[in-house]
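# Per-entry structural report
Take a look at the letters that make up each chain.
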Amino acid sequence: MPTITLSRVSKFYDSSTPAISELDLEIGHGEFMCLLGPSGCGKSTTLRVIAGLENLTKGEVLIGGRVLDSRDQGIFVPPEKRGTGLVFQSYALWPHLTVERNVSFGLRLRKVSREERQRRVEFVMRTLGIEKFRDRYPSQLSGGQQQRVALARMLVIEPNVLLLDEPLSNLDAKLRLKMRAELKRIHAEFGTTIVFVTHDQWEALTLSTRVAVMNEGSLQQVGSPDEIYNSPANLFVAEFVGNPPINMIPISDGNGEELSVTTKQYLARTFKEIGGVGFVGIRPETILLLPDAAVGSSRNLTSRAEVSGILPTGGNWIVELDVAGAPLFVSTSEPPGCAPGKHVCFQVNPASLHLFDLDGFRVSR
C-alpha cells in the first residue's frame, strides 16, 4: 500500500481564512490514520483534498511518490484515477439496486469481467457478513447493515487508500461500538491504508495506529493514541482529548487562587530545574481521594477539598471537588465513599502532571 504525503498543503475558500494552512503530514502504507478535531477544523477538507474532490490553493499531494495535485507544477489527477475509495457520512447507496448490485457497481463501471466480479463480490460480502442480504434493497437494511454495504462497495474495487468521512456518526452507541470492532478487523484483514475523519476522540483512540489532531486548519500533533493522550503537545490537544476533560490549573503570577498557589509552590519544590510553567494539567483518573484526616505522601501534590457533587456514569463515578473556590474533577472506578458537603484530601503523583508554558506548549521534564 502506498504512502500518502501532504506537503505544505493550504486550501482557501475565500481570501482571508484558510480551511487548511501549511499542512505537512505523511501517512504510512497500511496505516490507520485518524484525523481528529472539532467541527470546522479542516479534517474533512483534508480528506477531500486527498480524494481529489478539492483543488489545492498551494502545496502538493503525493500517493506512492506520484504527484496527484500541485498548483505549482500544474498537475491535477481526477478522483477516479487516484486509486482511492471514499465512504461518505451518508452511505449514498443506490436505493433501486440490491445489495449485490450496489457492491458490484464500481466493478461494472470498470468493466471487470463477470467471473472476476463475482469472485470479488462474494469474497467481500462474505468477509463483511452481508452475503445473506444480497437480494435486499437499502431501505430493507438497518443502519449498521447499510454501513457494511457502503464499505463493501469501496473494498471490492481494491483501492490503494480507503477514505472514511465520519461514517459512524449516524449510528446509535451500541452499533457504533460494533462497527468500530468491524473496522479494526477489516484493517487487519485487508491491510488497506485507511484515513478516517472523526470528531469523536474515543473513535480515534480505539481505531487508529496514529492520530493527527487538527484545529482551525492547522496540525496540532501527530502520534500514537498513547502519545496523544499521555503526552499532549499543547493545551488544545490536552483539553480536547479526554473525557472527563483534563483539569487545567493556571499558575501565572497574577493568579491568587489557593489551588494555583499550592500547585506553584509544589512545582518549585519538586521541579527546581523547570521554569516558565504557566499551566498544570491533571487527568481526572490520576487523582487519588483520601479521607480528610489522611496524610498524603510528601512527594505528591496534596491538598484538602470539599466534595460539591458526585456523578455516577455506570461503572465509574465523577467526583466534583471545590478547592477553595476552584473546581477539580476526579474520575474513579471505585465507589468514592464520600458525599457532597464532606471534606476530603486528594493527591497526585508528580509523574501524572502535565506542564505547559505560558504560550500553551508542553514543557519537557
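One can find the structure itself at the top, above this paragraph.
Residues numbered from 1 in each chain as written. Predicted model: local features only at pLDDT ≥ 70, side-chain atom pairs only at ≥ 80, totals over all residues. Heavy atoms only, no water.

Further remarks concern the overall build of the protein chain. On a plain count of helices and strands, the protein chain comes out with nine helices and 19 strands. Seen through its C-alpha atoms, the protein chain measures out along the principal axes to roughly 75 × 50 × 30 Å. Of all 365 residues assigned to the protein chain, the portion counted as buried reaches 50%. Intrachain contacts of the protein chain at a sequence separation of at least 6 include 67% that bridge at least 24 residues. In the protein chain, 39 positive and 40 negative side-chain charges are present, and the distance between their average locations comes to 8 Å. (Helix = DSSP H or I, 4+ residues; strand = E, 2+ residues; numbered from the N terminus. Buried < 20%, exposed > 50% of the residue type's maximum accessible area, 1.4 Å probe, protein only. Contact = heavy atoms within 4.5 Å. Lys, Arg positive; Asp, Glu negative; His and termini not counted. Charge placed at Lys NZ, Arg CZ, Asp CG, Glu CD.)

Membership of the largest hydrophobic core comes to 44 residues, with the highest contact counts inside it found for V103, I130, L151 and F196. Element by element, the count of residues in this core is highest for helix α4 (residues 143-155), at six residues. Those residues in contact with L151, other than ones at most four positions away along the chain, are V87, L128, L162, L164, M179, L183 and I186. With 27 residues, the next largest nonpolar core counts I249, L259, L267 and L321 among its residues. (Core = buried A, V, L, I, M, F, W, Y, C linked by side-chain atoms within 4.5 Å.)

Looking now at the pairing of strand β17 (residues 326-332). Burial runs high along β17: five of the seven residues are buried. Direction of pairing for strand β16 (residues 317-323) relative to β17: antiparallel, over a ladder of seven bridges. Opposite V323, over in β17, you have A326 as the bridge partner. Taking the residues that link successive antiparallel strands as the turn, the β16-β17 hairpin has two residues, and the phi of A324 there is positive, at about 50°. (Pairing = 2+ DSSP bridges.)

We now examine the packing of helix α2 (residues 99-109) against helix α3 (residues 114-127). Following both chains from N to C, one finds α2 and α3 inclined at 130°, their axes separated by 10 Å at the closest point. It follows that α2 is oblique to α3 by the angle criterion. The way α2 lies across α3 gives a crossing that is right-handed. For the pair formed by α2 and α3, the contact residues are V99, E100, V103, S104, L107 and R108 on the first element and R117, R120, V121 and M125 on the second. (Axes fitted to C-alpha atoms, helices over the stretch in contact; angles between N-to-C directions. Parallel < 35°, antiparallel > 145°, perpendicular 65-115°, else oblique. Left-handed = near helix turned anticlockwise from the far one by under 90°.)

Together, K132, R136, K174 and K178 make up a region of like positive charge exposed at the surface. Note on placement: K132 falls in the loop between α3 and α4. (Patch = residues over 30% accessible without salt bridge, like charges linked within 9 Å, V, L, I, M, F, W, Y side chains within 5 Å. Areas by Shrake-Rupley, 256 points an atom, 1.4 Å probe, with all protein chains shown as cover. Salt bridge = Lys/Arg side-chain N within 4 Å of Asp/Glu carboxyl O.)

Relative to the helices and strands, S104 resides in helix α2. On the basis of relative accessibility, which here comes to 3%, the residue S104 falls in the buried class. The contact partners of S104, leaving out residues within four places of it in the chain, are R117 and V121.

In this section: α4. Along its 13 residues, α4 runs 18 Å from first to last C-alpha, staying within 8% of the 18 Å computed at 1.5 Å per residue. In terms of burial, α4 is a largely internal element, 12 of the 13 residues being buried. Taken residue by residue, α4 has G144, Q145, Q146, Q147, R148, V149, A150, L151, A152, R153, M154 and L155 as its buried positions. On its buried face, α4 is in contact with β7 (84-87), α2, α3, β8 (161-165) and α5 (173-190). (Expected span 1.5 Å × (residues − 1).)

Moving on, we get to α2. Turning to α2, its buried residues number three or more, namely V99, N102, V103, S104, G106 and L107. Buried residues in α2 make contact with α3 and α4. Taken from the residues just after α2, K111 is the one with a positive phi, measuring 55°.

With six bridges joining them, strand β15 (residues 301-312) and β16 adopt antiparallel strand pairing. Note that in β16 the partner of P312 across the bridge is W317. Between β15 and β16, which pair antiparallel one after the other, the connecting turn spans four residues, and G314 there sits at a positive phi close to 85°.

To continue, consider the packing of α2 against α4. Helix-helix packing is described using two parameters, namely the angle between the two axes and the distance between the axes. Running from amino to carboxyl end, α2 crosses α4 at an angle of 30°, the nearest separation of the two axes being 7 Å. Considering the angle they form, α2 stands roughly parallel to α4. Like other packed secondary-structure pairs, α2 and α4 cross with a definite hand, here right-handed. Seen from α2, the contacting residues are V99, N102 and V103; seen from α4, they are V149, A152 and R153.

With respect to the helices and strands, the residue R101 is situated in helix α2. Its relative accessible area of 38% is what places R101 among the partly exposed residues. Sequence separation between R101 and D135 is 34 residues, and the spatial gap between their C-alpha atoms is 8.7 Å.

Another point: unusual backbone geometry. Trans peptide bonds make up the majority, and among non-glycine residues the majority have a negative phi. The amide bond that connects N243 to the next residue, P244, takes the cis arrangement and shows omega of 0°. Positionally, P244 belongs in the loop between α8 (235-240) and β12 (247-250). Phi at K111 is positive, roughly 55°, even though this residue is not glycine. Relative to the assigned elements, K111 resides in the loop between α2 and α3. Within the chain, E216 stands out as a residue other than glycine whose phi angle is a positive 50°.

Before going further, it helps to spend a moment on the packing of aromatic side chains. Inspection of the entire model under this criterion finds four aromatic pairs. Arranged with centres 5.4 Å apart and planes meeting at 50°, the rings of W94 and F105 form a pair that is tilted. Note that W94 is positioned in the loop between β7 and α2 and F105 in helix α2, a separation of 11 residues in sequence. Consider the rings of F236 and F240, whose centres lie 5.5 Å apart with planes at 15°: the pair is stacked. On the criterion of helical spacing, the pair formed by F236 and F240 is a turn pair, its members being four residues apart in helix α8. Residue F236 is classed as partly exposed on the basis of its relative accessible area, which comes to 21%. Sitting above the plane of the Y229 ring, R283 keeps its charged end 4.1 Å from the centroid. (Phe/Tyr/Trp six-rings, centres within 6.5 Å; stacked < 30°, edge-to-face > 60°. Lys NZ or Arg CZ within 6 Å of the ring centre and 35° of its normal.)

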